[in-house]
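Okay, here's what each chain looks like letter by letter:
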Protein chains: 2
Amino acid sequence: MTLHHTLQATDGRARAGTLHTAHGEVPTPVFMPVGTAGTVKAMTADAVRATGARMILGNTYHLMLRPGAERVGRLGGLHRMVDWDGPILTDSGGFQVMSLAKLRKMDRDGVTFRSHVDGSKHRLTPERSIEIQHLLDADVTMCLDECIPFPATEEEAARAMRMSMLWAARCREAFVPREGYGLFGIVQGGVFPELRAESVRALTEIGFEGYAVGGLAVGEGQEIMFQTLDITTPLLPADKAHYLMGVGTPSDLIGGVRRGIDMFDCVMPTRSGRTARAYTSRGVMNMRNARFADDATTLDPECNCPACTRHTRAYLHHLFRAEEMLGPMLLTWHNIRYYQRLMERLRAAILAGRFEDEAARIEAGWEAGAAEAAALKTVVPGAAAALAGGATPLPGNAAAPLAAGDADPTSGVVAADTVPFPVPAGNEAPESNA
Amino acid sequence: MTLHHTLQATDGRARAGTLHTAHGEVPTPVFMPVGTAGTVKAMTADAVRATGARMILGNTYHLMLRPGAERVGRLGGLHRMVDWDGPILTDSGGFQVMSLAKLRKMDRDGVTFRSHVDGSKHRLTPERSIEIQHLLDADVTMCLDECIPFPATEEEAARAMRMSMLWAARCREAFVPREGYGLFGIVQGGVFPELRAESVRALTEIGFEGYAVGGLAVGEGQEIMFQTLDITTPLLPADKAHYLMGVGTPSDLIGGVRRGIDMFDCVMPTRSGRTARAYTSRGVMNMRNARFADDATTLDPECNCPACTRHTRAYLHHLFRAEEMLGPMLLTWHNIRYYQRLMERLRAAILAGRFEDEAARIEAGWEAGAAEAAALKTVVPGAAAALAGGATPLPGNAAAPLAAGDADPTSGVVAADTVPFPVPAGNEAPESNA
């Protein structure tokens, strides 16, 4: 049997299910940490497993350039190379060709581009993308599609979506069916309901083992993203997995699950972990902030990761100030664990028929943390600059994925040590959002 | 009872013993990984434990500047802050003040200097160094001494040694005796036998829980280092631990154990791990070398660390080429494990009365690895540049601690991807050698 998804319960449109793959079963909703170039950054495979993660993502674009798809194949595939015996999903490479590669040239047949690593010339077609993902031994293979920037006109969105649907049929043709492996189609069409519906019709006519919603979290904002999900996920086959690509913040994840999404991936927990931003039950905290220098309390008392059970906020602060690698290592671990716990709580709540209660309880924790941070500012007004960057509610990813500091945007105060997400520069390839 | 050392066996001058501390017992000879600023770089405390390491080192200089000794004290001491429940040795800060701090001014009473981190002014006296190490909660406290550059005249070595002996008496006075804690004196006197003997007499008259040999591995070369040990360690009290500070390569460690040393520390395994250099049973390998790109074999078949049991040389090569943090993480783990296995093997051999056999067996492995690498070069002469940087014998640390690439120095060929030890630059503080 190919890879498939079974449902255990629904609560409103939220779903609790199981993804059955060649490398084991995965409870859904699931968040997949991103293992860009054959490693979840700053984590050993054992550490990733210890977070409770059951499935990870690999990036076709990065891996085809380095170490090379054929080489990964010779080394026995991605699972063996990276020591991950659970399922792996790979993207098609399309998103990163658009965001990272140089001198892209698109045609009806595929895209030719130069590597951001060494300038070498490469070509990606629907067939080659599927072949690469086969060499990587991905449990879930994604169709190659054309990703357009936001905003796009309806005409441009329609053209790209229709070409992506032609490519999806070619991907289906090229994909070699194997026990426990599957191919997912990607719904495109921008923010235009008619185009999204047309895309779903085209994909379901071809038939896939799962359906992804693509082209979101590209700057449209959380509200528009949710509106697009509202009109798209009800059209997807209920007996197949629904995957929202490259999303997002904890708030985005709750909203996605509420709208019938089963699978998520995002670089947020890993990238934030490297830049001192911690996701907690009391909101986001920037561990570089001076207020943590003598804070002997636990980062998040609700968390059971090593950063929380073994160390203090003061130590984490010290590690980031001293630019020690252990800071990113511990905080990445924590953030991935936070995302896994979030999914575990939502799944248990769906099974118990109390999804909205649980979502409200989680959101109330973020609100309370924000209120505490605000109160601290009020009590010690002179210390406002030092305190900015404390606990604040989790902003929507989609709104401004690359600019979100954690200082309260309404306060006008930005702490000098607040670290925004880094902007890619030179040869340093950022992780993908998809 | 204060910290003390008991002997289980001797073999020639090599000793197998146990160091009894407030935080547990440590089999000796022991290699202590260096946890410079409150973290063994690129390792969680759990990972350090998993290597078999039983005791680590912290640097007074780094910790007094950041996060600050009083702060570490408020956080419950170094063990609690860094999650290390085994014993910790701290150095006195003197070595790094000499090698890292700015605008040093020495007087008979201590040294005044500016921080390399932020330029702030600090003062270190024998009493303050002891107080800081008390705040850090070090099981083994080291006396503050004056470290002189190599080469030094006999007059300069004598002057510095005699001042260090006066300081040692003040350190003894300032040290607060506690159950399982101890203070070590440091033998100075450069390469001058009479001065070393005078230093030992001065220290034993004061009386310490252990004795360190200082002022070595500063550029004098392995031969002179061993000669100095030959005339120094026989003078040390046999019932106390002997500690060779800041040493060294695996070859240095074998030579040190052979000469009656019980304790070692060095940044080599950690620093080398971050720069792609692996210590193995077949010599040193630079994992960035192109010859490893498709090498599906195990880094070191004799090793049981995650890098060796879970991954291939090709994957390690990929991680360093892609500049992924996991490369330094895995190779640091491997190198520390290599050093721990080396100590375990030597200790077992001493207990069995076959130390020299075991030392010869280990060195034969390095030689065989070097011969294999050389043979590869002969068979494929055109690939010499790509092959340089493969397995070569382990050079003596003391000879050239900052310049040792792993290319065969006699071949004249240095691979473009050979990474020499980094030279400290700007604000980036190197780890200490002591």
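Every value quoted in this text rests on a predicted model; they were computed, and no experiment measured them. (Residues numbered from 1 in each chain as written. Chains lettered and ligands numbered in written order. Predicted model: local features only at pLDDT ≥ 70, side-chain atom pairs only at ≥ 80, totals over all residues. Heavy atoms only, no water.)

Q: For this particular structure, what's the right way to read the interface of chain B and chain A?
A: Accessible area lost on assembly of the parts is the figure often given for the size of an interface. Listed by partner, the interface residues are 36 residues for chain B and 36 residues for chain A. Buried area between chain B and chain A, summed over both chains or domains, comes out near 3,200 Å², and the portion from carbon and sulfur atoms is 58%. At the surface where chain B touches chain A, the tally comes to 10 salt bridges. B:Asp294 serves as the salt-bridge partner of A:Arg74, at 2.8 Å between the closest nitrogen and oxygen. Looking at the side of chain B that touches chain A, the elements that each hand over two or more residues are α1 (45-50), α3 (69-74), α4 (78-82), α13 (313-321) and α14 (326-351) of chain B. If you tally residues by element for the side of chain B that touches chain A, the top one is α13(B), at five residues. (Contact = heavy atoms within 4.5 Å. Buried area = accessible area lost by both parts, 1.4 Å probe. Salt bridge = Lys/Arg side-chain N within 4 Å of Asp/Glu carboxyl O. Helix = DSSP H or I, 4+ residues; strand = E, 2+ residues; numbered from the N terminus.)

Q: What am I meant to see in the packing of aromatic side chains here?
A: To describe a pair of aromatic rings, you give the distance between the ring centres and the angle between the ring planes. This model, assessed by the stated rule, comprises 10 aromatic pairs over all chains. Arranged with centres 5.7 Å apart and planes meeting at 40°, the rings of B:Tyr61 and B:Phe113 form a pair that is tilted. Here the residue B:Tyr61 occupies a position in helix α2 (residues 60-65), and B:Phe113 occupies one in strand β8 (residues 110-114), the gap between them amounting to 52 residues. With a relative accessible area of 0%, B:Tyr61 lands in the buried category. Residue B:Phe113 is classed as buried on the basis of its relative accessible area, which comes to 0%. Note on B:Phe208 and B:Tyr211: the rings are 6.1 Å apart at their centroids and 85° apart in plane angle, and the pair reads as edge-to-face. Overall, B:Tyr211 belongs to the buried group, its relative accessible area being 3%. Of the aromatic side chains, those joined through ring pairs into one cluster are A:Phe31, A:Tyr279, A:Tyr338 and A:Tyr339. (Phe/Tyr/Trp six-rings, centres within 6.5 Å; stacked < 30°, edge-to-face > 60°. Buried < 20%, exposed > 50% of the residue type's maximum accessible area, 1.4 Å probe, protein only.)

Q: How should I be thinking about the relation of the copies chain B and chain A in this particular structure?
A: The second copy of the chain is related to the first by a rotation about an axis and a shift along the axis. Superposition of chain B onto chain A requires a rotation of 180° combined with a translation of 0.0 Å along the rotation axis, giving an RMSD of 0.0 Å. On this basis, the relationship between the two copies can be described by a two-fold rotation axis. The rotation axis passes nearest to the C-alpha of B:Met325 in chain B, at a distance of 4.1 Å. A shared interface surface links the copies, since 100% of the contact residues of chain B are contact residues in chain A too. (Least-squares fit on C-alpha atoms with pLDDT ≥ 70 in both.)

Q: Got a minute to help me understand helix α6 (residues 126-136) of chain B in this structure?
A: Residue and element names in this part refer to chain B. Among the residues of α6, those classed as buried are Pro126, Ser129, Ile130, Ile132, Gln133 and Leu136. The buried residues of α6 occupy an angular sector of 160° when the element is viewed end-on, so they sit on one face. Of the residues one or two after α6, Asp137 is the one with positive phi, at around 70°. (Arc of directions from axis to C-beta.)

Q: Explain the pairing of β8(B) here, please?
A: For a regular strand, side chains alternate in direction, first toward one face of the sheet and then toward the other. Residue and element names in this part refer to chain B. Alignment of strand β7 (residues 102-107) against β8, held across four bridges, turns out to be antiparallel. Bridge pairing in β8 places Asp107 opposite Gly110. Taken together, β7 and the strand that follows it, β8, pair antiparallel across an intervening segment of two residues. The sheet contact formed by β8 and strand β9 (residues 121-124) spans four bridges and is antiparallel. If you follow Val111 over to β9, its bridge partner there is Leu124. Connecting β8 to the antiparallel partner β9 that follows it, the hairpin turn spans six residues, and Gly119 within it adopts a positive phi of roughly 80°. (Pairing = 2+ DSSP bridges.)

Q: Please explain the pattern of salt bridges as it appears in this structure.
A: Side chains bearing opposite charge may pair, as long as their charged atoms lie close to each other. Residue and element names in this part refer to chain B. Inspection of every chain in the model, using the stated rule, returns 58 salt bridges over all chains. With its nearest N and O atoms 3.9 Å apart, the salt bridge here joins Asp109 to Arg123. Of the two residues, Asp109 is situated in the loop between β7 and β8 and Arg123 in strand β9; the sequence distance between them amounts to 14 residues. Overall, the relative accessible area of 32% leaves Arg123 in the partly exposed class. The shortest N-O distance in the salt bridge between Glu198 and Arg162 comes to 2.7 Å. In this pair, Glu198 sits in helix α8 (residues 193-206) while Arg162 sits in helix α7 (residues 154-174), placing the two residues 36 residues apart along the sequence. For Glu198, a relative accessible area of 23% corresponds to the partly exposed category.

Q: Help me understand the sheet that holds β8(B) in this model?
A: Sheet strands line up and pair through hydrogen bonds in the backbone, either parallel or antiparallel. Residue and element names in this part refer to chain B. The sheet built from three strands is open, its strands ordered β7-β8-β9 with antiparallel pairing. Strands at the two margins of the open sheet, each flanked by one partner only, are β7 and β9. Across the sheet, the axes of successive neighbouring strands diverge by a mean angle of 15°, strand direction being ignored. (Axes fitted to C-alpha atoms, helices over the stretch in contact; angles between N-to-C directions.)

Q: What am I meant to see in the domain arrangement of chain A here?
A: Residues and elements named next belong to chain A. For chain A, the domain assignment lists domain 1 (4-266) and domain 2 (272-414). If you average the C-alpha positions of domain 1 and of domain 2, the two centres end up 28 Å apart. On the side of domain 2, 32 residues touch domain 1, which itself brings 43 residues to the contact. Taking both sides of the interface into account, the surface hidden between domain 1 and domain 2 amounts to around 2,900 Å²; carbon and sulfur atoms contribute 70%. A per-residue breakdown of the area domain 1 buries against domain 2 is headed by Thr51, Pro250 and Ile254, which together make up 21% of the total. (Domains from an automatic or database assignment.)

Q: Would you take a moment to explain the UniProt feature "binding site: Zn(2+)" (unreviewed entry) in chain A for this structure?
A: Residues and elements named next belong to chain A. Under the UniProt annotation, "binding site: Zn(2+)" (unreviewed entry) lies at Cys303, Cys305, Cys308 and His334. Taking the farthest pair of C-alpha atoms as the criterion, the annotated set spanning 32 residues converges on one region, since that pair is 7.9 Å apart. Among the secondary structure elements, Cys305 is positioned in the loop between β16 (283-286) and α12 (306-310). Taking relative accessible area as the criterion, Cys305 reaches 1% and is therefore assigned buried. Not counting residues within four places of it along the chain, the set of residues in contact with Cys305 comprises Trp333, His334 and Arg337. Residues contacting Cys308, with those up to four places away along its chain left out, are Thr298, Leu299, Asp300, Cys303 and His334. (UniProt positions renumbered as here; feature names shortened; annotations may be inferred.)

Q: I would appreciate a short explanation of α8(B) in the present structure.
A: Residue pairs three or four apart in sequence face the same way in an α-helix, which turns once every 3.6 residues. Residues and elements named next belong to chain B. With 14 residues, α8 extends 20 Å between its outermost C-alpha atoms, agreeing within 8% with the 20 Å of an ideal straight helix rising 1.5 Å per residue. Inspection of α8 places Leu195, Arg196, Ala197, Ser199, Val200 and Leu203 among the buried residues, and these make up the whole buried set. At its buried positions, α8 is contacted by α7, β11 (182-187), β12 (210-213) and α9 (222-232). Just downstream of α8 lies Gly207, where phi reads positive at about 95°. (Expected span 1.5 Å × (residues − 1).)

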